[in-house]
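A closer look at the structure
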Amino acid sequence: MSVPRPTRVEIDLAALCHNLLEVQRTVGDNCDVLAVVKANAYGHGVEHVAPALAAAGADLFGVALVEEGVELRRLGIKQPILVLGGVFPGQEADVLEHELTPVISAPGCARILSRAAVAAGRTINYHLKVDTGMGRLGFRREQLAEALALLKTLPGLNMSGLMTHLAAADEPERPLTAVQYEAFAAVVAMVEQSGFTPRYRHIANSAGIYGQGLSGCNLVRPGIALYGGLTGGPFAQPFTQQPVMHLVSQIAQLKDFSPGEGVSYGHRFVTSRPARIAAIPVGYADGYNRLLTNRGEVLIHGKRAPVVGTVCMDWTLVDVTDLPNVQIGDKVTLLGRDGEACITAEEWANKVGSITYEVFCNISKRVPRVSPRTA
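Residues numbered from 1 in each chain as written. Predicted model: local features only at pLDDT ≥ 70, side-chain atom pairs only at ≥ 80, totals over all residues. Heavy atoms only, no water.

A short note on the packing of helix H1 (residues 13-27) against helix H3 (residues 46-56)
Worth spelling out the cut-off: For helices, the fitted axis covers only the stretch in contact; all axes are lines through C-alpha atoms, and the angles between them, taken along N-to-C directions, range from 0 to 180 degrees. Numbering of helices and strands runs from the N terminus; a helix is a DSSP stretch of H or I covering at least four residues, while a strand is a stretch of E covering at least two. Note on terminology: angles under 35 degrees are roughly parallel, angles over 145 are roughly antiparallel, angles of 65 to 115 are roughly perpendicular, and the others are oblique. Each helix crossing is assigned a hand: it is left-handed if the near helix lies turned anticlockwise from the far helix by less than a right angle, otherwise right-handed if that turn is clockwise. In what follows, a contact means two residues having at least one pair of non-hydrogen atoms within 4.5 Å. For this classification, the nonpolar set comprises Ala, Val, Leu, Ile, Met, Phe, Trp, Tyr, Cys and Pro, the charged set comprises Asp, Glu, Lys and Arg, and every other residue, Gly included, is treated as polar.
As a packed pair, H1 and H3 sit with axes 10 Å apart at the nearest point and diverge in direction by 45 degrees. Judged by the inter-axis angle, H1 sits oblique to H3. The hand of the H1/H3 crossing is right-handed. Every residue of H3 that contacts H1 at Leu13, Leu16, Cys17, Leu20 and Gln24 is listed here: His48, Val49, Ala52, Leu53 and Ala56. For the contact of H1 with H3, the class distribution of residues is eight nonpolar, two polar and no charged.

Put into structure tokens, the structure is as follows:
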């Protein structure tokens, strides 16, 4: 039996459930919560995350792909699963077999699902998506009357939800979000006047939950807020959020350097004093961004230490000169909490010109996800 690499992702399920509870507390008892677990639960490991959220009271789940919905069913998830990315030809059988709820954004998808439902003698629940300003998926408002007329003619389909997507909820100073809320209210009225009675009406992603009122909606779709990644700008204070992902490794080697010596590829760091440098077995192949070269920091014994030299595919070097009693085998935290200190995904994202979503999703599959966290 092989010994696993020391580099791993520790998933704090207690923090995950705390973050879900914060969402539930914010929206109240009259609003259901759809937990978004697409993209392997934003890189956190859906096999750990989804069962924990189900046990903690998530009402529905959201995925991007039919394949992700099938995976949730195989994990034992019983709650409704909304396939946000819709259904492509040939996937109808999986929708029926696994009782998935597709989002319908185009006429072709509706026709495919209707034919499959009739052939199976079943009814497929779906959520209708309307584009109120995102400019991506969904029927445009000027297409809605025609779309509703078509949907009324298609047997085997039941509109169980009506939705749209916010384009700038994380920028509350912009008027676009208010415009989208107003447009969605008009859409709801139009759909109901056409004779449809969807159970769910939803518009709010994570930023929408904490940045706007629910405006008549009875379902929210938290994603990044569940994982502790909605921490910056206007969302720094309104709620208590805890980091879920902790990317950790350990010191594999220590070397002493004299002043004037270069380290790693290109010698982009040259020592200016006698220095002790630690080698950590984690690199950009694990998702530790190469742009953190000479910019990143890690936590050792709860203290920060700077990344020095070029981040390699499999290795990163850290200057531990100012940390006493550092030894080979000591734990290194590259993302997450160590004691009272914490390196957030937002901090990391700001250094590399990215966003927290990408930080989480880019942690490589070769890094094992371990849960519960035992750090």
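Here the narrative resumes.
Here's the deal with the sheet that holds strand S12 (residues 253-257)
The criterion, for reference: The pairing criterion is simple: DSSP has to find at least two bridges between the two strands.
With respect to topology, three strands assemble into an open sheet ordered S12-S15-S18, the strand pairing being antiparallel. Edge positions in the sheet fall to S12 and strand S18 (316-319), since each of these pairs with one other strand and no more. For this sheet the average axis-to-axis angle between neighbouring strands, irrespective of direction, equals 30 degrees. Summarising the sheet, S12 and strand S15 (residues 275-280) pair through five bridges and their orientation is antiparallel. By the bridge assignment, Leu254 is partnered in S15 with Ala278.

Side note on the packing of helix H7 (residues 144-153) against helix H8 (residues 176-193)
At a closest axis distance of 11 Å, the pairing of H7 and H8 adopts a crossing angle of 35 degrees. Crossing geometry of H7 relative to H8 is assigned as right-handed. Taken together, the residues of H8 that come into contact with H7 (itself represented by Leu144, Ala145 and Leu148) are Val187, Met190 and Val191. Residues belonging to the contact of H7 with H8 are distributed by class as follows: six nonpolar, no polar and no charged.

Let's talk about the layout of surface pockets
Rule in force here: A pocket, in this scheme, is an open set of points on a 1 Å grid over the protein atoms alone with protein on both sides within 12 Å along at least 5 of 7 lines, while a cavity is a set where a 1.4 Å probe fits but cannot get out; residues line either one if an atom lies within 4 Å of a point. Grid points are joined across faces, edges and corners, and a volume is the space filled by probe spheres set on the points.
The volume enclosed by the second largest pocket comes to roughly 400 Å³. In this structure, the second largest pocket is lined by 22 residues; those nearest its centre are Pro80, Ile81, Glu99, Thr101 and Asn125. Of all the secondary-structure elements, those providing two or more residues to the lining of the second largest pocket are strand S4 (81-83), helix H5 (92-97) and strand S6 (124-131). The element that contributes the greatest number of residues to the lining of the second largest pocket is S6, accounting for three residues. Split by residue class, the lining of the second largest pocket holds nine nonpolar, seven polar and six charged.

Digging into the state of the cysteines
As a reminder, the rule being used: A pair of sulfur atoms, both from cysteines and within 2.5 Å, is called a disulfide here. For every residue, the accessible area obtained with a 1.4 Å probe (protein chains only) is divided by the maximum for its type, and the residue is called buried under 20%, exposed over 50%, and partly exposed between those limits.
For the structure shown, the criterion picks out zero disulfides. As a non-bridged cysteine, Cys17 has Cys342 as the owner of its nearest cysteine sulfur, 18 Å distant. Among the residues examined, Cys17 registers a relative accessible area of 26% and is labelled partly exposed. You can see Cys342 has no disulfide; the closest cysteine sulfur is in Cys361, sitting 18 Å from it.

Digging into the nonpolar core
What counts is decided by this rule: Nonpolar cores were defined as sets of buried Ala, Val, Leu, Ile, Met, Phe, Trp, Tyr and Cys residues, with membership established by side-chain atoms within 4.5 Å.
In terms of nonpolar packing, the biggest core is built from 111 residues, with Val37, Leu53, Phe61 and Leu128 touching the most fellow members. One finds Val263, Ile277, Val308 and Leu317 within the second-largest nonpolar core, a separate group that totals eight residues.

So, the side chain of Asp32
Relative to the elements of secondary structure, Asp32 occurs in strand S2 (residues 32-36). If sequence neighbours within four positions are ignored, Asp32 has contacts with Asp59, Leu60, Arg199, Tyr200, Asn218, Leu219 and Val220.

Quick word on empty space enclosed by the protein
Considering all chains together, one arrives at one cavity of 30 Å³ or more under this definition. If you add up the space inside the largest cavity, you get close to 50 Å³. Together, Tyr288, Leu292, Gly296, Glu297, Leu334, Ile343, Glu347, Trp348 and Lys351 line the largest cavity. With three residues, helix H10 (residues 345-352) is the single largest residue contributor to the lining of the largest cavity.

Thoughts on the packing of aromatic side chains
So the rule is basically this: Here a pair means two rings of Phe, Tyr or Trp (six-membered ring of Trp) with centres within 6.5 Å. Their orientation is stacked below 30 degrees between planes, edge-to-face above 60, and tilted elsewhere.
Taken as a whole, this structure holds three aromatic pairs when the rule is applied. Here Tyr288 and Trp348 contribute two aromatic rings whose centre-to-centre distance is 5.1 Å and whose plane-to-plane angle is 55 degrees, an arrangement assigned as tilted. Placement of the pair is Tyr288 in the loop between S15 and strand S16 (297-300) and Trp348 in helix H10, with a sequence separation of 60 residues. Put simply, the rings of Tyr42, Tyr227 and Tyr357 pair up and form one aromatic cluster.

Considering H7
Here is the rule: By arc we mean the arc of the directions from the helix axis to the C-beta atoms, nothing more.
Listed as buried for H7 are Leu144, Ala147, Leu148, Leu150 and Leu151. One side of H7 carries all its buried residues, which in axial view fall inside an arc of 160 degrees. For H7, the exposed residues lying more than 90 degrees away from the buried face are Glu146, Lys152 and Thr153.

A short note on H1
Cut-off, in case you're wondering: A helix is expected to span 1.5 Å multiplied by its residue count minus one. Any pair of N or O atoms that falls within 3.5 Å is considered a polar contact. Within protein, one atom must be able to donate a hydrogen and the other to accept it, and sequence-neighbouring residues count only if both atoms are side-chain atoms.
For H1, spanning 15 residues, the distance from its first C-alpha to its last is 21 Å, which sits close to the expected 21 Å at 1.5 Å a residue. The set of residues buried in H1 consists of Leu13, Ala15, Leu16, Asn19, Leu20, Glu22, Val23 and Val27. Structurally, H1 contributes buried residues whose contacts are with strand S1 (8-11), S2, H3, helix H9 (206-211) and strand S10 (219-220). Capping the start of H1 is the job of one residue whose side-chain oxygen sits 3.1 Å from the backbone nitrogen of Ala14: Asp12. Phi for Gly28, located one or two positions after H1, is positive at around 85 degrees.

Limitation: the analysis is restricted to geometry and does not speak to function.
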